Amino acid sequence: MKRLGLLWVLPVFLGAVSPALAAYRTKNVFICVMDGVRYSETFGDPEHENIPHMWNDLRPHSFIFMNFKNTGVTVTRQGHSTIATGTWQTCPNGGPRMSMPSVFDYYRDELGAPQSKTWAIFGKGLYAWLPYSSFPVYRDTFAPSFEAGIGEKVLEDDNKVLARLLEVMEKDRPSLVLVNFGYTDHSGHLGVYEDYLKAIRNVDRIFYEIWQRIQSDPYYKDTTTLILLNDHGRHDDSHGGFKGHGDACEGCRHIMLQILGPDTKKNTVIERPAFQIDIAPTVGELLGFQTPLAKGEVLSDCLASWENVNKKEARTNAMVRAVAAQQLAERDLAKVVGDRLRDTVKPEDLGQGLASELVHAALGIGGAGFRAPDTGSAASYAGYRGPYADIESAFRVIELAAIKRGDPALAKESVYAVA
Ligand SMILES: [Zn+2]
Ligand SMILES: [Zn+2]
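The shown structure was predicted, so the numbers you read here are calculated from the model rather than taken from an experiment.

**Let's talk about unusual backbone geometry**
- The phi torsion at N267 lies on the positive side, around 50°, for a residue other than glycine.
- As for its position among the elements, N267 is in the loop between strand 7 (254-260) and strand 8 (268-270).
- By C-beta crowding, N267 is classed as exposed, having 10 other C-beta atoms within 10 Å.
- Phi is positive for N308, close to 55°, though the residue is something other than glycine.
- As for its position among the elements, N308 is in the loop between helix 8 (279-287) and helix 9 (317-331).

**Here's the deal with the pairing of strand 6 (residues 224-229)**
- The element strand 6 is largely enclosed, with a buried count of 6 among its 6 residues.
- Side chains T224, L226 and L228 project from strand 6 onto one buried face, and the interleaved T225, I227 and L229 project onto a second face that is buried too.
- Here 6 bridges tie strand 1 (residues 28-34) to strand 6, and the two strands are oriented parallel to one another. Note on strand 6: the bridge partner recorded for I31 is I227.

**Considering the pairing of strand 7**
- Most of strand 7 sits out of view: 7 of its 7 residues are buried.
- Side chains of strand 7 alternate between two faces, with H254, M256, Q258 and L260 and I255, L257 and I259 buried alike.
- With 6 bridges connecting them, strand 2 (residues 62-69) and strand 7 associate as antiparallel partners. Considered in strand 7, the bridge of K69 is made with H254.
- Judged from the 4 bridges that link them, strand 6 and strand 7 form a sheet pairing that is antiparallel. By the bridge assignment for strand 7, L228 is matched with Q258.

**Details of the environment of I83**
- You can see I83 is positioned in helix 2 (residues 76-85).
- Accessibility expressed as a C-beta count within 10 Å gives 28 for I83, which makes it buried.
- Separated by 213 residues in the primary sequence, I83 and G296 have C-alpha atoms spaced 9.9 Å apart.
- Those residues within four positions of I83 in sequence are excluded, and the remaining contacts are I31, D231, Q276 and I279.

**What to know about helix 4 (residues 155-172)**
- Its 18 residues give helix 4 an end-to-end C-alpha distance of 27 Å, which sits within 8% of 26 Å, the value for a rise of 1.5 Å per residue.
- Inspection of helix 4 places D157, D158, V161, L162, L165 and M169 among the buried residues, and these make up the whole buried set. Looking down the long axis of helix 4, one finds its buried residues gathered within 150° of arc, a one-sided arrangement. Along helix 4, the residues that are exposed and aim more than 90 degrees away from the buried face are E156, A163, E167, E170 and K171.
- Buried residues in helix 4 make contact with strand 3 (118-122), strand 5 (176-181), helix 5 (183-190) and helix 6 (193-216).
- Positioned one or two residues after helix 4, R173 has a phi angle of 50°, which is positive.

**Quick word on the confidence of the model for the chain**
- Counting all residues, the mean pLDDT for the chain is 82, and 73% of those residues have values of 70 or more.
- Predicted confidence for residues 410-419 stays below pLDDT 50, and this span has 25 contacts to residues more than four positions away or in other chains.

**A short note on the environment of D278**
- Within the element layout of this structure, D278 appears in the loop between strand 9 (274-275) and helix 8.
- It is 9.9 Å that separates the C-alpha atoms of D278 and S300, two residues lying 22 residues apart in sequence.
- Apart from the residues within four sequence positions on either side, D278 is in contact with G296, E297 and L299.

Reading guide: rules and limits
Residues numbered from 1 in each chain as written. Chains lettered and ligands numbered in written order. Predicted model: local features only at pLDDT ≥ 70, side-chain atom pairs only at ≥ 80, totals over all residues. Helix = DSSP H or I, 4+ residues; strand = E, 2+ residues; numbered from the N terminus. Buried ≥ 20, exposed ≤ 12 C-beta atoms within 10 Å, placed from the backbone. Pairing = 2+ DSSP bridges. Contact = placed C-beta atoms within 7 Å. Expected span 1.5 Å × (residues − 1). Arc of directions from axis to C-beta. pLDDT = per-residue confidence, 0-100.

Laid out in structure tokens, this is it:
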């Protein structure tokens, strides 16, 4: 089978990204993450002592989801990856990249936004997130501009992240931005409750400053939607308290979500449940691009007028291939790959270490007619990667097998053939 090739042509990019028929006034979306803060210290506190700006100054302009949840692994890399992809990600900190395409991929692919118009600005370091996925069709083709490790160890670090954001807003005029403010989480881990509250109040002030900056800049005013949320919470007091996080307790799962901009309802608080996977489809809806592999739903009830732009249709070459690859993966990709390899490659010929581990994982998952000798490492790898282990391992197995056969070019060909 022949490689399809990169045949699609990106539209010429002129200034702001604008689809032919803009359904919304929103031309820019800023997703701002206050890292690792519990609902009980934000909207769940009846006095709202730690979020005076979000509650008093921003609430009149905003839509607040009181029952917003991270139902994933509740750590930083998972939270940001879930927000960015609209799929439940399982990646642990320092672990593999997110496994599905992100809003940056879909946006740049469909609407032709250049890299400079998309930014990810991270207080935390590379262990916390990487701006591109391992999904075969996209990988790093449409990665955003990215800066990580600005700081997360002292209160001032969150101010540095704000300063960097403001610089980027001046210089690049970005239209899709993901920002991580990391000290709130770090201060929680340090274990001094009053310092953790101070960190929250500082980011509350920062969020308000971002909003004010948007309002005072004619380029961004009335064209920018701000999404304020957490990547995960922290343990509630019956599961170890605010110092830690990472499990399925209510404190780790229940987080905040506040959305404000030209297309959202004002001064509204809603109780119905909403989820982190709903963010990516909602960003697509507002900016006018499709999110075909996102599992969440557009948060349509926060929109003053829901235009149903994001139908999750695959409208580019890459999207069509991505959907096909994912459908195959959900069906029997690993088995298909395993069956193809059975006649040409023996597991024991594939070498040791990571390569064999990956191969064994894919073969083990696929039930491909023979068992890898080291099923222990295969099982642990599969468990580590979670539900998307099969597609990624399967693609890796093709690449590795082809490379092993001395033909790296064939590796890519094979991936595209299957995709
Ligand atoms: Zn975090
Ligand atoms: Zn917990």
